[in-house]
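Okay, here's what each chain looks like letter by letter:
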Amino acid sequence: MRILVLNGPNLNLLGQREPDIYGSTTLDEIVKKITDRGKDLGVEVEAIQSNDEGALVTSVQKSIGRYDGIILNPAAYTHTSVALCDAIKAVPTPCVEVHLSNIYAREEYRHASLTAGACIGQISGFGDRSYVLALDAIVEYLRNRKSKEN
Ligand code: DQA
C-alpha cells in the first residue's frame, strides 16, 4: 500500500512559522514521523510539498494508479480552492484532509473548507499528531474496503 502525503503553501516553513499555532516540529520531522508509522503499518509513504495550487492539483491527478490514498493538508487553499476540491472528486484515490490547528477555533474565514467535502474525512487540531492519526485512519479505511471486496 502506498500513501501520498501532500502539503500545501507555507507548510515548508513549519518549525519557524507561527510556532504558537503550528508548533515547533519541521515538515521533515513530520514526514519522518509518518514514514516511521507507515513502516509499523507496512505502508509506504511519499511526501510532496508545493506552494503552487496547480502543482497540488497535478499531484492529486497523478495519484491514479500510483497511490492507494492521499493525506492532504491544503493549507490556505483549504478555504479558497474549488480546483483542488474538483481534483479530489475527479480521482478515485481516497483522501483524508488534515490540519495542524483546529481551523474551527480560529478566524471565521478558516471555518469553511472547500476541500473537506470531497474527502472521506478530516482531522483538525492535533498538531503534528493530526498526520499520524490521518495515516491510521486512511490505512484502516483502505484495509476495511479491501476486506469487503474479498
Ligand atoms: C492549516 C490551517 C490553514 O487555515 C492555514 O492556512 C495553514 C495551515 C493547518 O494545518 O492548521 O496554512 O492548514
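Residues numbered from 1 in each chain as written. Predicted model: local features only at pLDDT ≥ 70, side-chain atom pairs only at ≥ 80, totals over all residues. Heavy atoms only, no water.

Draft legend 1. The arrangement of the pattern of salt bridges in detail. Within the structure shown, the criterion is met by eight salt bridges. Residues Lys32 and Asp36 are paired through a salt bridge, measuring 2.7 Å at the closest nitrogen-oxygen approach. Taken together, the residues Lys32 and Asp36, both in helix H2 (residues 27-41) and four residues apart, mark about one turn of the helix. Note on Lys32: relative accessible area 52%, which makes it exposed. With relative accessibility at 32%, the residue Asp36 sits in the partly exposed group. (Salt bridge = Lys/Arg side-chain N within 4 Å of Asp/Glu carboxyl O. Helix = DSSP H or I, 4+ residues; strand = E, 2+ residues; numbered from the N terminus. Buried < 20%, exposed > 50% of the residue type's maximum accessible area, 1.4 Å probe, protein only.)

Draft legend 2. Main features of the site of the ligand. The immediate surroundings of the ligand are formed by Arg17, Tyr22, Asn73, Ala75, Ala76, His79, His99, Leu100, Ser101, Ile103, Arg106 and Arg110. Contacts to the ligand include His79, whose side-chain N or O atom sits 2.7 Å from an oxygen atom. In the environment of the ligand, an oxygen atom lies 2.8 Å from a nitrogen or oxygen atom belonging to the backbone of Leu100. In the complex, 99% of the free accessible area of the ligand, which totals 320 Å², lies under the protein chains. When its residues are assigned to classes, the shell around the ligand shows five nonpolar, four polar and three charged. (Near = heavy atom within 4 Å. Polar contact = N/O pair within 3.5 Å; in protein donor to acceptor, adjacent residues only side chain to side chain. Areas by Shrake-Rupley, 256 points an atom, 1.4 Å probe, with all protein chains shown as cover. Nonpolar A, V, L, I, M, F, W, Y, C, P; charged D, E, K, R; others polar.)

Draft legend 3. Representation of the nonpolar core within the structure. Of all hydrophobic cores here, the largest spans 23 residues; its most connected members are Ile71, Tyr131 and Leu135. Mapped by element, the contributors of at least two residues to this core are strand S1 (2-7), H2, strand S4 (95-99) and helix H5 (129-149). Ignoring anything within four residues of it in the chain, the contact list for Tyr131 reads Val5, Asn7, Leu11, Ile30, Ile34, Ile71, Asn73, Val98 and Leu100. In terms of nonpolar packing, the next biggest core, distinct from the first, is built from 17 residues, Leu4, Val60, Leu72 and Cys85 among them. (Core = buried A, V, L, I, M, F, W, Y, C linked by side-chain atoms within 4.5 Å. Contact = heavy atoms within 4.5 Å.)

Draft legend 4. Looking closely at unusual backbone geometry. Even without being a glycine, Asn10 presents a positive backbone phi close to 75 degrees. With respect to the helices and strands, Asn10 occurs in the loop between S1 and helix H1 (19-22). Residue class for Asn10 comes out partly exposed when judged on its relative accessible area of 35%. The phi dihedral of Glu18 falls on the positive side, at around 35 degrees, and the residue is not glycine. Looking at where Glu18 falls in the secondary structure, it is placed in the loop between S1 and H1.

Draft legend 5. Seen up close, the sheet that holds strand S3 (residues 69-73). Read across the sheet, five strands follow the order S2-S1-S3-S4-S5 without closing on themselves; strand pairing throughout is parallel. Of all strands in the sheet, those with a lone pairing partner are strand S2 (44-49) and strand S5 (121-124), marking the two edges. With direction set aside, neighbouring strand axes in the sheet form an average angle of 20 degrees. Note that S1 and S2 share six bridges and pair parallel. Paired with Ile3 across the strands is Val45, a residue of S2. This element, H5, spans S1, S2, S3, S4 and S5 of the sheet and lies at about 155 degrees to S3. (Pairing = 2+ DSSP bridges. Axes fitted to C-alpha atoms, helices over the stretch in contact; angles between N-to-C directions.)

Draft legend 6. Fine view of H2. Look at H2: 21 Å from first C-alpha to last across 15 residues, which is about the 21 Å you get at 1.5 Å a residue. Looking at H2, one finds that the buried residues are Leu27, Ile30, Ile34, Gly38 and Leu41. Down the axis of H2, the smallest arc covering the buried residues is 80 degrees, so these residues share one side. Exposed and oriented more than 90 degrees from the buried face of H2 are Asp28, Lys32, Lys39 and Asp40. For H2, the secondary structure elements touched by its buried residues are S1, S2 and H5. Just beyond H2, the residue with positive phi is Gly42, at close to 75 degrees. (Expected span 1.5 Å × (residues − 1). Arc of directions from axis to C-beta.)

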